[in-house]
Amino acid sequence: MKDRGKLVIWPAYIDKTKSRSHGRIVSRRTSVESPTITEINKAAQKLGLNPEVEADKAYPRSWWEDKGRVLIDNTAPKTHHCRRICATIKEMRS
């Protein structure tokens, strides 16, 4: 059953090494290289998005990789949240 009021953030959405056809939804300049679900989770917590980690899920376009996903509150468009998460991950890495 789908969680109403939640957005799914897959690591492929913000991965600089992925192409748009492989799932990236933000620009290469904005995105981060090889994000993990723990980094996405920490960034979402800092932004106050109430994240929920589902580590056993696989992105449908790369079903053979179990990288997991993070569910966040649906308070703005997905691309807006992804850009904010990328910026927060970049701050945490530096």
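These remarks concern the structure in this document. (Residues numbered from 1 in each chain as written. Predicted model: local features only at pLDDT ≥ 70, side-chain atom pairs only at ≥ 80, totals over all residues. Heavy atoms only, no water.)

Topic: the sheet that holds strand β1 (residues 6–9)
To be explicit about the condition: Each pair of strands is called paired provided DSSP finds at least two bridges between the two strands. Secondary structure follows DSSP: runs of H or I at least 4 residues long count as helices, runs of E at least 2 residues long count as strands, and numbering of each begins at the N terminus. As a rule, the C-alpha atoms of each element are fitted with a line to give its axis, helices using only the stretch in contact, and angles between N-to-C directions run from 0 to 180 degrees. Two residues qualify as a contact provided that any one of their heavy atoms is within 4.5 Å of a heavy atom in the partner residue.
Spatially, 3 strands are ordered β1-β3-β2 in an open sheet, and the strand pairing comes out antiparallel. Looking at strand neighbours, the two that pair on one side only are β1 and β2 (52–54), the edges of this open sheet. Sheet twist, expressed as the average angle between the axes of neighbouring strands with direction ignored, equals 25 degrees. Taken together, the 3 bridges between β2 and strand β3 (residues 69–73) define a ladder with antiparallel strand orientation. Following the sheet pairing, E52 is matched in β3 by L71. Its contacts with the sheet place helix α1 (residues 37–46) against β1, β2 and β3, and it is angled at close to 10 degrees to β3. Against the sheet, helix α2 (residues 78–93) touches β1 and β3, its axis set at about 55 degrees to β1.

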